[in-house]
Structure formats: structure tokens, C-alpha cells
Amino acid sequence: MLDKTYILAIESSCDDTSASVICNEQILSNIVANQDIHSKYGGVVPELASRAHQQNIVPVVDAALKEANISKENLSAIAFTQGPGLMGSLLVGASFAKSMALALDIPLLAINHMQAHILAHFIDDANDKKPTFPFLCLTISGGHTQIVKVNDYFEMEILGETIDDAVGEAYDKTAKILGLPYPGGPLIDKYAQTGNAVFKFTKPKVKEHHFSFSGLKTGILYFIQKQLKENPKFIEENINDICASVQNTIAEILMDKLKKAVKETSIKQVAIAGGVSANSEIRKRLTLAQTHFGWSSYIPKFEYTTDNAAMIAVTAYQKYKLGLYSNQSATANPRLKVNS
Ligand code: KG4
Ligand code: ZN
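Here the structure is a predicted model, which means the values were calculated and not measured.

Student: Quick one: what's the story with unusual backbone geometry, residue by residue and with numbers?
Tutor: Excluding glycine, residues mostly have negative phi values, and the peptide bonds linking residues are mostly trans. Note the cis peptide between Phe133 and Pro134, where omega equals -5°. Structurally, Pro134 can be placed in the loop between helix H3 (113–119) and strand S6 (135–140). With a phi close to 60°, Asn69 is a non-glycine residue in the positive phi region. By the secondary structure assignment, Asn69 is in the loop between helix H1 (46–68) and strand S4 (77–83).

Student: Which residues make up the coordination of the zinc ion (ligand 2), and what values go with them?
Tutor: The protein atoms donating to the zinc ion (ligand 2) are His113 (NE2), His117 (NE2) and Asp307 (OD), with metal-donor distances spanning 2.0 to 2.2 Å. Here the donor residues of the zinc ion (ligand 2) are spaced in sequence according to H-x3-H-x189-D. Remark: Asp307 occurs in the loop between strand S10 (296–298) and helix H9 (309–322) and His117 occurs in helix H3; sequence separation between them is 190 residues. Its relative accessible area of 1% is what places His117 among the buried residues.

Student: Describe in detail helix H6 (residues 214–230), supporting the description with residues and values.
Tutor: Here H6 spans 25 Å end to end across 17 residues, near enough to the 24 Å set by a 1.5 Å rise per residue. Inspection of H6 places Leu216, Ile220, Phe223, Ile224 and Gln227 among the buried residues, and these make up the whole buried set. Buried residues in H6, looked at end-on, bunch into an arc of 95°, giving them a common side. The outward face of H6, more than 90 degrees from its buried face, is lined by the exposed residues Tyr222, Lys226 and Lys229.

Student: Let's hear about the site of ligand 1: which residues, and what values?
Tutor: Of all residues adjacent to ligand 1, which total 18 residues, the nearest are Gly142, Asp172, Asp189, Asn279 and Asp307. One of the side-chain N or O atoms of Asp172 is found 2.7 Å from an oxygen atom in ligand 1. At 3.1 Å from an oxygen atom of ligand 1 is found a main-chain nitrogen or oxygen belonging to Gly185. Burial of ligand 1 by the protein chains amounts to 90% of its free accessible area of 560 Å². For the shell around ligand 1, the secondary structure elements donating two or more residues are H3, helix H4 (167–177) and helix H5 (185–192).

Student: Kindly report on the pattern of salt bridges, identifying the contributing residues and their values.
Tutor: Taken as a whole, this structure holds 15 salt bridges when the rule is applied. Lys337 serves as the salt-bridge partner of Glu161, at 3.6 Å between the closest nitrogen and oxygen. Note that Glu161 is positioned in strand S8 (residues 155–161) and Lys337 in the segment after H9, a separation of 176 residues in sequence. Classification of Lys337 as partly exposed rests on a relative accessible area of 39%. Its salt-bridge partner being Lys173, residue Asp165 comes within 3.4 Å of it at the nearest N-O pair. Residues joined in a network through salt bridges with shared partners are Asp165, Glu169, Lys173 and Lys217.

Student: Could you give me a rundown of the sheet that holds S8, with the residues and numbers involved?
Tutor: The strand order across the open sheet formed by five strands is S8-S7-S6-S9-S10, and the pairing between neighbours is mixed. The open sheet has two free edges, formed respectively by S8 and S10, since each of these has just one partner strand. Averaged over all neighbouring strand pairs, the angle between strand axes comes to 25°, with direction disregarded.

Student: An account of the pairing of S6 is needed here, citing residue identities and associated values.
Tutor: On any regular strand, side chains alternate: one points to one face of the sheet, the next to the other face. Across the six residues of S6, six count as buried, placing the element largely inside the fold. Burial along S6 is two-sided: Phe135, Cys137 and Thr139 facing one way and Leu136, Leu138 and Ile140 facing the other are all buried. Pairing between S6 and strand S7 (residues 145–152): six bridges, direction antiparallel. Across the sheet, residue Ile140 finds its bridge partner in S7, namely Thr145.

Student: Account for the packing of helix H7 (residues 234–265) against helix H8 (residues 280–293), naming residues and giving values.
Tutor: For any two helices packed against each other, one specifies the inter-axial angle together with the distance between the axes. Remark: H7 packs on H8, axes separated minimally by 10 Å, with the N-to-C direction vectors making an angle of 40°. In terms of their interaxial angle, H7 and H8 are classed as oblique. Considering only the axes of H7 and H8, their crossing is right-handed. Across the interface between the two elements, Gln247, Asn248, Ala251, Glu252, Leu254, Met255, Leu258 and Lys259 from H7 touch Ser280, Glu281, Ile282, Arg285, Leu286, Ala289 and Phe293 from H8.

Student: Can you break down the environment of Gln193 residue by residue, with the values?
Tutor: Locating Gln193 in the fold gives a position in the loop between H5 and H6. Sequence separation between Gln193 and Asn240 is 47 residues; the distance between their C-alpha atoms is 7.5 Å. With residues up to four places along the chain from it excluded, the contact list for Gln193 reads Gln247 and Ser280.

Student: Requested: an account of the pairing of strand S2 (residues 16–23), with residues and values cited.
Tutor: S2 sits mainly inside the fold: eight of its eight residues count as buried. In S2, alternate side chains face the same way, and those of Asp16, Ser18, Ser20 and Ile22 on one face and Thr17, Ala19, Val21 and Cys23 on the other are all buried. Pairing of strand S1 (residues 6–11) with S2 involves six bridges; the strand directions are antiparallel. Among the inter-strand pairings, Leu8 is bridged to a residue of S2, identified as Val21. Joining the antiparallel neighbours S1 and S2 is a turn of four residues.

Rules used in this analysis
- Residues numbered from 1 in each chain as written.
- Chains lettered and ligands numbered in written order.
- Predicted model: local features only at pLDDT ≥ 70, side-chain atom pairs only at ≥ 80, totals over all residues.
- Heavy atoms only, no water.
- Helix = DSSP H or I, 4+ residues; strand = E, 2+ residues; numbered from the N terminus.
- Donors = N, O, S within 2.8 Å, 3.2 Å for Na, K, Ca; no water.
- Buried < 20%, exposed > 50% of the residue type's maximum accessible area, 1.4 Å probe, protein only.
- Expected span 1.5 Å × (residues − 1).
- Arc of directions from axis to C-beta.
- Near = heavy atom within 4 Å.
- Polar contact = N/O pair within 3.5 Å; in protein donor to acceptor, adjacent residues only side chain to side chain.
- Areas by Shrake-Rupley, 256 points an atom, 1.4 Å probe, with all protein chains shown as cover.
- Salt bridge = Lys/Arg side-chain N within 4 Å of Asp/Glu carboxyl O.
- Pairing = 2+ DSSP bridges.
- Axes fitted to C-alpha atoms, helices over the stretch in contact; angles between N-to-C directions.
- Parallel < 35°, antiparallel > 145°, perpendicular 65-115°, else oblique.
- Left-handed = near helix turned anticlockwise from the far one by under 90°.
- Contact = heavy atoms within 4.5 Å.

Here it is in C-alpha cells:
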């Protein structure tokens, strides 16, 4: 194997079209094209997402190669997100990567999006220190909420997961109730900065390491409806405090479960990953856990939290080293699990 491996990775699982070039574990480019089209619908519209991926993929891949200052003839392999995600979106990245690998006659690597969120911690500049195996990872995104025991790069166990909505969905649906555009997570986080957690919401009681967020969403809806009856301006007058209260409740739910998992596994290396790991309150609490509970906390850089191709690229590099290539029959799998 050459000393330097250059991999082009493509991510198209949901509503971001992204391409990245990696040289071993060092990211040379990470281009992300967001799709603004969904904000007015209050959520991702699958048909529009796949159409936008088709429009974006060529310029995004081109920009990633240019920024990395590399020509496609120098690539060692092409990687793509196999799943989980939206079928129509995944197919755009999968077909593009397969054709490119075939045309260049280089290996193809099919990557699991959820494993990639976790393995983003192994990007050279993701963190000031890297986790060592085994570690726990709280994976929190628009589609997932899981506590994963990471035994090795490709050996992961789900200790617990949501039985209904994902935490990102709880953020986005709450934002919708408050009249904020999609994706609501970053906006709730922003308003929460200047608010106080004065409103209390009931936390769900869920067994073992599992989560539930649909009851919380309904609780927030009923609370807001009740308040609006008394004061039609309740939301605009209290937006900061409402957001701080929601944010505080969600952070408590997540931290309670993490503490339980640490206690039961005796693993004190704890990472967070996925779009919601960009959240300032969750990042703060994980940082504090180092001094309060003696954890080693791993918090990824912002650009590696929400969907991006850099995380696909670093995962692909690990697969490449192990010779875990895919063939042209590899196809999109919308329901791929983190432990498969
Ligand atoms: O990982 P991701 O980009 O896509 C999925 O694989 O689902 O996660 C997107 C989710 C959205 O629900 C978005 O609202 C949420 O991450 N999110 C946040 C923040 N930034 C993004 N939630 C809370 N606070 C944030 N700062
Ligand atoms: Zn994701």
C-alpha cells in the first residue's frame, strides 16, 4: 500500500450534499451544500431532496477535488454513504460513486452513516485527543438517538435507543410548534443562550438505556396551547425562556441516561456524535462531566457534527486499510443499523 491514501467520499443520505477528500486521516476538503428548499415545509421533503442532490453532486465533488488540489486520477478509492437515510437521496450518491469507481478502476467503499458519525472522532483535527476502545458514544441526530458501545472501528453494540422520536426530531418539532423554520435545533439553541429554564416539562420514564421523546413533544405542545389561550403573545414574549427550558429538559434526559450507561459498563470514555452534538448545552455538560464525574469526554469539532462527507472519508480510510472493499452490486440501504 502507498504511504499516502487519497479517498474521495460522498454523503447524500438526507438533505445535505457533501464531498470530501482525505489523505490518510487528514481532511483536505469538506464541501457541504445545504438544501434551503425544505425550510418552508417544516421538514425534509424526500422528493425535493433527491432532486437537489442530483443538481448539487457534480459541482460539490468538483469543488472538493479542487480545494484538495488533487486530480481524480490520483485517487486511491471512492466512498459513499450506503445508509441509513432516504432511499432517493442515498441512490444519488451511490450511483455517482459506483460509476466513478468503475470509470477510474479503483476500489469502492460502502459506508454506514451512523458508524461514520461516531468515527468522525478519528479525523486528525476533530479533537485534541482521540478516544481509545472501548468507549461509549451518545449518537444524537435527526433520525437517531442511541447509546453505542464502540468496541472497535467496525464492532459496535447498541446499549439503548429511542423507542419513538429521535432527539433531533424533538428539537425540530418543538421549533415548528414555536413557529420557527426547519431545522429548528440550531435556533432553539441560539434563543436558549439568553433565556432561563423557568418552565418545567415532565421527563419520560423509559426502561434501561432507552429513550423516548414523543411524550415530551406533546407536553410542550399542550403547554404552549394553554399559555396562548391566556396570552396570545406568550411565544414572542417568552421565546428565550421557552427554548432554555426545552433545551435544559433534553440535556437532562440525555445526561441521566449517559450517567447510567457509564455506571453499568464502568466505561468512562464518553463521546457525542451526530447533528445534535452541535448543541451548546450538551457540549457544556459533557465538558463539565470531566471534572464532576472523572469522565474523558470527546466532543467533535462543529463541522463534523451535522452531516458531512469528512466523517464518511475517515471511516472509508479505516475500511480501505482493512481491505473491506465493496463491489458494483453494493446498493443503498435506508435502514442500515450501526451494528451491521
Ligand atoms: O446528523 P444530522 O445533520 O442529520 C441526520 O443524520 O439526522 O442531524 C440533524 C439534526 C436536526 O434535527 C437539527 O435540528 C439538529 O441536528 N441540530 C441541533 C443543533 N444543530 C443541529 N439540535 C440542537 N442544537 C443544535 N445546535
Ligand atoms: Zn447524520
